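# Remarks on the overall topology
Below are the chains, spelled out letter by letter.
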Amino acid sequence: MPESTTFELLEEVKSLRQRVAELERQQAEGNRSKADDLACQYFNLAGEMIIGLDANQTISLINERGCQLLEAEESEIIGKNWFDHFLPDSNREEVRDLFRKLIQGDLMPVEYFENVVQTAHGSLKSIAWHNSLLKDDSDRIIGTLSVGVDITARKETEQALRESNQMFRQISENIKELFWVCSPDWSEVFYASHMYEVIWGNTCQSLYDDPRSWMNSLHPDDRDLIEREIKTKSTGELFNPDFPRFRIIHRDGSIRWMLARAFPVFDENNQMTRIVGIGEDITRRKQEEDAAIELHQELERCVEERTSELARKTAQLQAMFNAIPDAVLVLNRDGVVVNFNSQQKSILILSTDLRIGSRIESLLPGEVGNQVKALISRVEDTRQIETIDYCLVNRGENRWYRARVLPYLSDEILMVIEDINHRKLAELELSTLHEKLSEAQRLSHIGSWEWNLQDNMIWWSDEVYRIFGVKKECFVLNYESFLQTIHPDDRPQVAQTVEQALEHDLPYSIEHRIFRPDGEIRYVQERAVLKKNAAGEAISMHGTVQDLTERHEAARTAQEYRDILAHASRLAVMGELTAGISHELNQPLTAIANYTAAMKQQLVQGRDVTDLVQKIEELSLRSGEIVRKLKSMAEKRTQQSILFNIRDSIRNALELIQYELRHHQIEVKINCDSKFSAVYADRVQIEQVLANLFINAVEAMIDTPIPRTLTITVSPAEDSLIRVVIADTGSGVPADFVDHLFTPFTTNKKGGLGIGLSLSRSLVEAAGGRICFSSNSKPGACFHLFLPTRQSVQ
Ligand code: ADP
């Protein structure tokens with residue numbers, strides 16, 4: 001060991017010095033030559049460098065060991081300046097200065113002195129010096145004698161030890177693991193790195209003071225285990241270095257997981273001298289491991305769940321696949337079957353057995369098989385679904401099938417075969433029905449339409465297109481284009497009716513005109529209802545359009561005939577009334593003649609005739625009025641409806657028969673509330689009807705005893721109608737004739753035409769009213785006339 005070598009050296013130097021002193025003494029005592037020899041002998045045999053310097057720094061003496069150390073021959077050394085030749089630049093002047101002071105006696109020689117020398121070859125060596133002063137007889141310092149020991153190797157060892165020590169500290173202080181050194185029985189801790197403080201929360205010093213104190217922090221559940229382990233490891237056998245994982249409770253209360261290992265250290269005698277160990281705080285790793293384990297378990301559970309779910313779904317899918325009512329075949333690119341469901345047998349009607357590996361063209365008869373094969377290759381190219389309907393003979397009857405070919409996986413095709421026999425037959429039946437319906441619509445001039453309110457799409461049957469005179473292929477059909485076809489005068493009313501139907505869910509029936517593209521005007525009747533879904537929302541409107549143009553034409557012609565007949569009838573009535581009318585006219589004319597004669601006389605007498613002139617004027621006007629009314633009755637005219645007062649018309653009609661009423665002493669009673677007397681009809685025609693009814697009443701009362709009363713009552717009736725009741729006290733209508741009253745040309749009268757009542761009914765109905773007989777009036781007859789109060793809306 002370096003320490004013991006130095007010590008020995010010192011001892012040696014001491015003895016050397018004693019020897020030198022002895023030599024000096026012997027010299028003094030005159031035994032100098034003998035002593036010289038001995039000294040010389042020792043000088044060269046000495047294991048250390050011995051060097052003598054004189055006061056001027058020159059080497060005066062060097063032994064063999066010294067030559068070896070300085071790597072030069074004695075002759076090359078002796079006489080050289082020691083400092084200039086054998087000290088490096090780094091310390092040369094410093095040491096030289098010390099030497100000077102030593103020589104001058106300013107400094108006492110130091111017992112032990114180290115410095116670096118430089119050999120003749122330039123290498124540096126560390127030398128430990130023991131210096132002594134050489135004095136002459138007068139005790140003057142003449143030089144030095146130094147014994148030098150080469151301590152280069154020791155220095156290097158020390159340096160290496162220092163470095164490794166430093167390295168050890170640096171490592172142990174900087175690693176995250178705890179590092180410790182303790183005695184074999186764990187009773188003494190020599191070293192513990194600072195991680196002890198981090199992990200345990202206690203100071204290292206506390207551990208040095210109480211080496212077992214670290215065990216106080218052991219988790220109670222792990223304490224026994226660790227104590228057992230330490231006991232085992234203390235035996236010093238070659239043990240397993242690992243400790244089981246254990247927990248310690250940090251000073252702050254947190255639990256830390258530890259992983260530790262301990263190793264025995266043996267000396268040269270194989271005695272265990274130390275135990276070194278490392279410990280690692282694996283709390284985080286443990287948590288991560290636990291989390292990973294938990295995650296792993298969770299994943300495994302998930303995978304298990306998914307696997308069983310997948311298995312269930314697969315089973316479900318398989319069951320569904322087999323339960324599909326259609327036959328499903330999975331084919332590869334070559335049309336070879338790779339999978340199929342269990343419905344195939346009932347659907348496919350195969351002559352050969354269907355197997356995986358069957359070719360599709362072999363499963364379907366000739367032409368169909370080829371068509372399907374072509375379809376498959378088309379689907380492969382386009383990746384679009386293709387459909388084909390085909391008919392096969394099954395149990396002696398033709399059945400229809402539909403094959404849908406659709407792209408499946410990248411190299412597979414799915415073919416779904418469906419039995420569409422019922423549907424196909426229904427389609428055929430439907431198409432026949434459709435044709436029949438179209439034909440029926442064409443014959444009846446009734447078209448049907450549907451308006452889908454959700455997507456605002458309108459569908460018209462062919463007959464609607466025909467009625468509207470437009471071609472399906474060049475007419476953009478929507479609600480707006482439909483409105484444009486309507487006659488401008490009717491358009492607002494139609495639009496309003498449709499809006500009301502949509503708003504209030506009202507079915508409607510409306511008559512309006514349409515303008516065909518060729519300019520022709522046609523009359524149509526539209527009927528429509530709203531359709532709602534379960535939630536009560538209007539989803540569509542369905543309706544019909546009926547071409548009424550021909551009916552309108554017929555009605556117009558009928559009206560013309562009616563007008564002619566009415567005219568004839570009026571002329572007939574006038575004929576009947578000739579006597580009365582001529583009487584009525586004669587009366588004012590006779591009076592005018594009388595007044596004129598009287599006026600002449602009075603003028604001759606020079607009297608005032610103003611009074612007479614006024615009377616003549618009144619009578620002239622009255623005559624003119626009668627003539628005007630007769631003229632209007634006799635006029636040929638067409639029907640023209642207006643709003644007028646029924647009371648005035650009653651009076652006008654009564655006026656025509658004024659003579660008859662007076663002549664037959666018939667009393668007329670009119671009950672009329674002026675609030676309900678406006679009606680909407682053709683005034684002349686209604687007056688004609690009233691005149692007919694009054695004349696019939698008069699004629700029925702001619703032979704009946706007085707009092708004779710004609711009662712006319714006007715009152716409101718339901719449905720915006722006005723009721724005019726004409727009751728007489730005449731002979732009445734025989735029960736067996738009641739049903740024939742309104743039959744044309746049926747009369748009970750001598751010279752009667754039998755058209756009065758029938759014409760009256762047609763005139764009243766043309767005006768939107770009605771007429772009926774009531775037998776309630778006893779005695780006599782009673783007719784009820786209902787007339788509209790406003791223009792009828794259809
Ligand atoms: P005409 O008066 O020319 O016979 P009408 O059609 O006016 O033709 O009348 C048909 C018949 O109805 C009459 O012939 C008459 O017998 C009967 N009739 C009509 N009104 C009355 C009435 N108020 N009372 C009794 N019979 C009536």
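The structure we're discussing is the one just above.
As a starting point, this report considers the structure included with it.

Thresholds, definitions, all that
Residues numbered from 1 in each chain as written. Predicted model: local features only at pLDDT ≥ 70, side-chain atom pairs only at ≥ 80, totals over all residues. Heavy atoms only, no water. Helix = DSSP H or I, 4+ residues; strand = E, 2+ residues; numbered from the N terminus. Rg over C-alpha atoms; globule rule 2.2 N^0.38 Å. Buried < 20%, exposed > 50% of the residue type's maximum accessible area, 1.4 Å probe, protein only. Contact = heavy atoms within 4.5 Å. Polar contact = N/O pair within 3.5 Å; in protein donor to acceptor, adjacent residues only side chain to side chain. Near = heavy atom within 4 Å. Phe/Tyr/Trp six-rings, centres within 6.5 Å; stacked < 30°, edge-to-face > 60°. Core = buried A, V, L, I, M, F, W, Y, C linked by side-chain atoms within 4.5 Å. Patch = residues over 30% accessible without salt bridge, like charges linked within 9 Å, V, L, I, M, F, W, Y side chains within 5 Å. Areas by Shrake-Rupley, 256 points an atom, 1.4 Å probe, with all protein chains shown as cover. Salt bridge = Lys/Arg side-chain N within 4 Å of Asp/Glu carboxyl O. Lys, Arg positive; Asp, Glu negative; His and termini not counted. Charge placed at Lys NZ, Arg CZ, Asp CG, Glu CD. Pairing = 2+ DSSP bridges. Axes fitted to C-alpha atoms, helices over the stretch in contact; angles between N-to-C directions. Parallel < 35°, antiparallel > 145°, perpendicular 65-115°, else oblique. Left-handed = near helix turned anticlockwise from the far one by under 90°. Nonpolar A, V, L, I, M, F, W, Y, C, P; charged D, E, K, R; others polar. Expected span 1.5 Å × (residues − 1).

This paragraph deals with the overall build of the chain. Regarding its fold elements, the chain presents 25 helices and 27 strands. Taking 28 Å as the expected radius of gyration for a compact globule of 794 residues, we find that the chain reaches 73 Å, considerably beyond that expectation. Counting over 794 residues, the chain shows a buried share of 39%. In the chain, of all internal contacts separated by at least 6 residues, the share reaching a separation of at least 24 is 51%.

Our focus in this paragraph is helix H22 (residues 646-656). An α-helix turns once every 3.6 residues. As a result, residues three or four positions apart point the same way. Among the residues of H22, Ile 646, Ser 649, Ile 650, Asn 652, Ala 653, Leu 654 and Leu 656 are the ones counted as buried. Capping the start of H22 is the job of one residue whose side-chain oxygen sits 2.9 Å from the backbone nitrogen of Arg 647: Asn 645.

Around the ligand, 20 residues are found, and the nearest of them are Asp 728, Thr 747, Asn 748, Lys 749 and Leu 757. Take Asn 696: an N or O atom from its side chain is 2.9 Å from an oxygen atom of the ligand. Contact between the ligand and Gly 756: an oxygen atom at 3.3 Å from a main-chain N or O atom of the residue. Broken down by secondary-structure element, the contributors of at least two residues to the shell around the ligand are helix H24 (683-701) and helix H25 (756-766).

A word on the side chain of Arg 399. Its location among the elements puts Arg 399 in strand S14 (residues 397-407). In terms of polar contacts, Arg 399 uses its side chain to reach the side chain of Asp 419, at 3.1 Å. Dropping the residues within four chain positions of it, Arg 399 is found in contact with Tyr 390, Cys 391, Leu 392, Asn 394, Asp 419, Asn 421 and His 422.

Looking now at the packing of aromatic side chains. Within the structure shown, the criterion is met by 21 aromatic pairs. Geometrically, the ring pair formed by Trp 82 and Trp 129 is edge-to-face, given 5.8 Å between the ring centres and 85 degrees between the ring planes. On the criterion of sequence distance, the pair formed by Trp 82 in helix H5 (residues 82-86) and Trp 129 in strand S4 (residues 124-135) is long-range, its members being 47 residues apart. Look at Trp 82 and you get buried, because its relative accessible area is 5%. Seen in terms of ring centroids, Tyr 479 and Phe 482 are 6.1 Å apart; in terms of plane orientation they differ by 35 degrees. Their pairing is tilted. Of the two residues, Tyr 479 and Phe 482 are both situated in helix H17 (residues 479-485); the distance of three residues between them amounts to about one turn of the helix. Considered together, Tyr 479 and Phe 482 belong to a single accessibility category, that of buried residues. Chaining the aromatic ring pairs together yields one cluster made of Trp 180, Trp 186, Tyr 196, Trp 200, Trp 214, Phe 243 and Phe 246.

The biggest cluster of nonpolar side chains holds 41 residues, and the ones touching the most others in it are Ile 646, Ile 650, Leu 690, Phe 694, Leu 710 and Val 724. Going through the elements one at a time, H22, strand S23 (678-682), H24, strand S24 (708-717), strand S25 (721-728), H25, strand S26 (770-774) and strand S27 (782-788) are the ones with two or more residues in this core. The greatest single-element share of this core, amounting to 10 residues, is contributed by H24. Membership of the second largest hydrophobic core comes to 27 residues, among which are Ile 467, Val 470, Ala 495 and Tyr 508.

Let's shift gears to unusual backbone geometry. Here the residue pair Ile 706 and Pro 707 is connected by a cis peptide bond, since its omega of 0 degrees sits within 30 degrees of zero. When you line up the elements, Pro 707 lands in the loop between H24 and S24. Even without a glycine there, the phi angle at Asn 270 is positive, about 65 degrees. Positionally, Asn 270 belongs in the loop between strand S9 (255-266) and strand S10 (272-281). Phi at Asp 719 takes a positive value of approximately 60 degrees, unusual for a residue other than glycine. Relative to the helices and strands, Asp 719 is located in the loop between S24 and S25. Asp 719 sits in the exposed class, given a relative accessible area of 64%.

A word on a negative patch on the surface. A cluster of acidic residues, Glu 64, Glu 73, Glu 74 and Glu 76, forms a negative patch at the surface. Along the chain, Glu 76 falls in helix H4 (residues 74-77).

A separate point is the pairing of strand S7 (residues 189-192). Side chains on a regular strand alternate between the two faces of the sheet. The sheet contact formed by strand S6 (residues 178-182) and S7 spans three bridges and is antiparallel. Bridging from a neighbouring strand, Trp 180 pairs with Ala 192 of S7. Hairpin geometry of S6 and S7 is characterised by an intervening segment of six residues between the two adjacent antiparallel strands and by a positive phi of about 65 degrees at Trp 186.

We now examine the pattern of salt bridges. Under the definition given, this model contains 37 salt bridges. With its nearest N and O atoms 2.6 Å apart, the salt bridge here joins Glu 298 to Arg 301. Placement of both Glu 298 and Arg 301 in helix H11 (residues 283-323) is noted, with a separation of three residues, approximately one turn of the helix. The exposure class of Glu 298 is partly exposed, given its relative accessible area of 36%.

This part covers the pairing of strand S12 (residues 337-340). As paired strands, strand S11 (residues 327-332) and S12 are joined by three bridges and run antiparallel to one another. When the sheet's bridge partners are listed, Leu 329 is paired in S12 with Phe 340. Following S11, the chain reverses through four residues before pairing antiparallel with S12; Gly 335 in that reversal takes a positive phi of roughly 80 degrees.

Running from N to C, H24 and H25 cross one another at 150 degrees; their axes reach a closest spacing of 10 Å. If you check the angle between H24 and H25, you find them roughly antiparallel. Here H24 and H25 pass one another in a crossing that is left-handed. Across the interface between the two elements, Gln 685, Gln 688, Val 689, Asn 692, Leu 693 and Asn 696 of H24 pack against Gly 756, Leu 757, Leu 759, Ser 760, Leu 763 and Val 764 of H25. Residues of the contact of H24 with H25, tallied by class, amount to six nonpolar, six polar and no charged.

To continue, consider the sheet that holds S24. The strand order across the open sheet built from five strands is S22-S24-S25-S27-S26, with neighbouring strands paired in mixed fashion. With partners counted over all chains shown, the strands left at the sheet margins are strand S22 (666-672) and S26, one partner each. The mean angle between the axes of side-by-side strands here comes to 15 degrees, regardless of whether they run parallel or antiparallel. Where S25 and S27 come together, seven bridges link them in antiparallel fashion. Across the sheet, Ala 727 pairs through a bridge with Cys 782, a residue of S27.

With that settled, the discussion passes to H11. When the terminal C-alpha atoms of H11 are compared, their 58 Å separation across 41 residues agrees well with the 60 Å that a helix rising 1.5 Å per residue should span. Among all positions in H11, only Thr 283, Lys 286 and Phe 321 are buried. On its buried face, H11 is in contact with S9, S10, S11 and S12.

Here we take up the sheet that holds S7. Across the sheet, which stays open at both edges, the five strands sit in the order S7-S6-S10-S9-S8 with antiparallel pairing between neighbours. Whereas interior strands pair on both sides, the edge strands pair on one side only; in this sheet they are S7 and strand S8 (246-249). Going across the sheet, the axis of each strand differs from the next one's by a mean of 30 degrees, ignoring polarity. Each of S8, S9 and S10 is contacted by helix H10 (residues 220-234), which is oriented at about 115 degrees to S8, the strand it contacts most. The sheet contacts of H11 involve S9 and S10, and relative to S9 the element is tilted by about 120 degrees.

None of the figures reported here should be taken as evidence of function without further support.
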